[in-house]
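One letter stands for each residue in the lines below.
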Amino acid sequence: MDLEWKEEEGIAGKYVSTIRDENGSLKDIKFTNIDSFNFAFDVVDVLAKKCPDKTAMLHISKDGKERRLTFRDMMVYSNKIANYLQFLGIGKGDRVLLVLKRHYQFWFTILALHKIGAVAIPASFMLTKKDFEYRFKAADVNAVVATAESDVAKEIDKALRSYDGMKVKILVGAKKAGWSSLNKEIKFFSQHFNRTAGTACGNDPMLMFFTSGTTAYPKIAMHNFKYPLGHYITAKDWHQVNPDGIHLAISDTGWGKALWGKLYGQWLCEAPVFTYDYDEFYAKEILSMIEKYKITSFCAPPTVYRVMVHLDLSKFDLSSLENVTTAGEALNPEIFHKFKNATGLDIMEGFGQTETTLTIANLKGMTPKPGSMGKPSPAYNIKVVRPDGTTADVNETGEVVVGYENGFPPGLFMGYYLDDEKTISVMHDGFYHTGDTAYVDNDGFLWYVGRVDDIIKSAGYRVGPFEIENEIMKLPYVLECAVTSVPDKIRGQAIKATIVLTEGTLKSEELKKDVMKFLRANLASYKRPKFVDFVDALPKTTSGKVRRSEVRESDWNKEKGNAN
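Residues numbered from 1 in each chain as written. Predicted model: local features only at pLDDT ≥ 70, side-chain atom pairs only at ≥ 80, totals over all residues. Heavy atoms only, no water.

A. View of the sheet that holds strand β13 (residues 247-249). Strand order in the open sheet formed by 9 strands is β5-β4-β14-β13-β15-β16-β17-β18-β19, with mixed pairing between adjacent strands. A strand with exactly one partner marks an edge of an open sheet, and here the two such strands are β5 (66-70) and β19 (375-376). Against the sheet, helix α7 (residues 232-239) contacts β13, β15 (297-299), β16 (323-326), β17 (347-352) and β18 (358-361), and its axis sits at roughly 125 degrees relative to β16. (Pairing = 2+ DSSP bridges. Helix = DSSP H or I, 4+ residues; strand = E, 2+ residues; numbered from the N terminus. Contact = heavy atoms within 4.5 Å. Axes fitted to C-alpha atoms, helices over the stretch in contact; angles between N-to-C directions.)

Written out as structure tokens, the structure reads:
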């Protein structure tokens with residue numbers, strides 16, 4: 001039977017048409033009416049009229065206060081803040097830094113920025129003076145909306161001593177001299193805000209994300225107003241959100257992943273989101289929330305699952321969960337199996353970058369292969385290529401690239417802000433070069449190998465760290481690990497495993513010998529680490545990714561110091 005194009009159900013149908021098989025699995029997708037698309041007006045405000053009392057977000061503050069915010073609330077308060085921001089002089093094209101943790105005001109404010117056409121720049125509340133100085137100057141920031149919690153405002157004020165481009169400072173929470181107070185002042189502004197012929201949409205810039213900065217200063221990936229549509233597959237076919245359920249994604253609003261799991265795709269699917277505004281992550285607390293609030297879909301980075309599988313999951317009622325997902329870094333198969341054995345759920349892995357939306361994933365209808373990223377999203381033209389640009393063979397490692405020769409798909413970034421050189425270095429010959437390496441197996445599944453810079457070249461072999469890390473993670477006393485290169489006079493590079501042990505496990509030379517014995521039995525000789533190091537913690541980006549580069553650079557710098 002021939003499959004036909006059909007408009008998707010609900011509000012998404014105006015913009016998304018798909019081909020699905022008889023089981024509802026996605027085969028192809030196309031987007032229409034996107035040149036005039038503005039998510040705040042075309043999704044949130046439309047839902048506010050279609051289903052004004054439907055829950056958009058269940059928000060739990062750190063003191064346990066529950067707020068059930070409807071789509072009408074989202075429209076009303078984003079309108080009030082849009083009027084407020086315009087009154088303060090913020091307009092179309094201005095760049096506004098948002099440092100709001102998981103406060104519900106983040107959602108009101110980012111929607112308001114979309115309505116006035118200002119560019120939103122999410123940022124982590126963990127940044128310091130130096131970080132803010134770099135971001136203000138690199139992005140030409142005109143305004144900042146920040147939490148009154150922690151030392152955020154203090155660090156921003158210190159950074160502003162060397163930056164004179166800031167027009168407006170707005171604080172959410174307590175009042176502070178020199179800052180406008182959002183909570184106090186928005187009550188004076190109208191709850192109506194009209195779209196005009198000049199309203200930003202389509203190809204206009206909407207978002208700027210600072211990348212994780214795992215190897216250098218963060219770059220600034222710029223996205224247009226079509227970006228939210230790129231997340232329809234994220235929510236519909238990967239998270240598999242339930243419009244009558246509720247979706248929980250573990251992410252701070254300072255990172256793009258929050259917009260993957262707490263806003264665009266979910267509301268395109270008319271599904272509520274759950275937000276817990278915590279200060280510190282405790283796995284038991286999150287599991288209790290899943291049980292109490294009957295979370296139906298859940299997304300978290302592999303780090304969270306690594307912690308969860310070392311708990312007694314039988315103590316929590318997780319029966320409400322219908323689908324669980326992970327992204328951010330590759331998921332070790334051992335963690336997949338442990339979680340499935342405890343819950344019966346497959347962790348559906350996905351892959352994407354700050355520069356994209358979900359590009360590769362285990363989507364609805366697929367049976368995942370533990371450790372595999374999945375298959376290419378129908379929204380993207382994905383290839384794995386050799387350094388010369390030719391397509392890699394099956395099971396041959398190459399770089400993952402995204403084609404745009406037939407036009408930019410919604411979700412692919414516009415380029416790096418004010419940095420043509422870096423943009424051209426990754427976008428050329430009709431492809432965006434991700435810098436990530438993988439191979440494709442006989443069934444079309446992609447398997448992550450590592451960043452191009454993570455590849456270890458030892459004794460003539462090219463070794464990816466992830467395969468070795470997967471073996472190490474099978475040891476019951478290993479919480480997480482990083483495999484990197486160290487200098488070696490004979491091989492050029494040798495392999496080192498840096499390991500974080502589970503709570504209560506004591507470091508010892510005997511344990512190192514046990515690790516080496518296990519690896520000798522399970523890895524080819526050229527893949528075996530020559531060195532094992534136990535540490536209390538691995539360096540990570542503020543988004544939770546392990547910084548292999550920092551581990552590697554520390555070891556190589558030590559060697560340089562010894563040589564001098």
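B. Structural context of the environment of K49. The topology assignment puts K49 in helix α1 (residues 39-50). On the basis of relative accessibility, which here comes to 67%, the residue K49 falls in the exposed class. Residues K49 and K340, 291 residues apart in the sequence, show an inter-C-alpha distance of 41 Å. (Buried < 20%, exposed > 50% of the residue type's maximum accessible area, 1.4 Å probe, protein only.)

C. Main features of the packing of helix α2 (residues 71-87) against helix α3 (residues 105-116). For the pair α2 and α3, interaxial distance at closest approach is 8 Å and the crossing angle is 60 degrees. Relative to α3, the element α2 is oriented oblique. Crossing of α2 over α3 shows right-handed handedness. Residues D73, M74, M75, Y77, S78, N79, I81, A82, L85 and Q86 of α2 touch α3, and the partners they reach there are W107, F108, T109, L111, A112, L113, K115 and I116. Here the contact of α2 with α3 is built from residues that sort into 12 nonpolar, 4 polar and 2 charged. (Parallel < 35°, antiparallel > 145°, perpendicular 65-115°, else oblique. Left-handed = near helix turned anticlockwise from the far one by under 90°. Nonpolar A, V, L, I, M, F, W, Y, C, P; charged D, E, K, R; others polar.)

D. Highlighting the pairing of strand β7 (residues 119-122). Residues of β7 alternate between two faces, with V119 and I121 on one and A120 and P122 on the opposite face, all of them buried. Here 4 bridges tie strand β6 (residues 95-99) to β7, and the two strands are oriented parallel to one another. Residue pairing for β7: L97 is matched across the bridge by I121. Handedness of the β-α-β unit built from β6, α3 and β7 comes out right-handed. (Right-handed = clockwise from strand over helix to strand, strands pointing away.)

E. How the structure looks around the side chain of R306. For R306, the location among the structural elements is in helix α11 (residues 302-308). A polar side-chain atom of R306 sits 3.3 Å from a polar atom in the side chain of N332. Side-chain polar atoms of R306 contact the side chain of E480, separated by 3.4 Å. In contact with R306, other than residues within four places in its own chain, are E329, A330, N332, I335, M473, L479 and E480. (Polar contact = N/O pair within 3.5 Å; in protein donor to acceptor, adjacent residues only side chain to side chain.)

F. Looking closely at the nonpolar core. Residues F39, M74, I110 and W267 are the most contacted members of the largest nonpolar core, which totals 100 residues. If you look at the next biggest cluster of nonpolar residues, it comprises 52 residues, including Y305, F336, L475 and F534. (Core = buried A, V, L, I, M, F, W, Y, C linked by side-chain atoms within 4.5 Å.)

G. A look at the packing of aromatic side chains. Under the criterion given, the structure shown has 25 aromatic pairs. Centroid distance Y104 to F108: 5.7 Å. Interplanar angle 75 degrees. Geometry classified as edge-to-face. The exposure classification of Y104 matches that of F108, with both residues buried. Taken together, the aromatic side chains of F39, F209, Y227 and Y264 make up a single cluster linked through ring pairs. If you follow K30 out to its NZ or CZ, it ends over the ring of W5, 4.6 Å from the centre. Above the ring of F125, the side-chain terminus of K101 is found at 4.9 Å from the ring centroid. (Phe/Tyr/Trp six-rings, centres within 6.5 Å; stacked < 30°, edge-to-face > 60°. Lys NZ or Arg CZ within 6 Å of the ring centre and 35° of its normal.)

Functional significance is not addressed by these values, which are geometric in nature.
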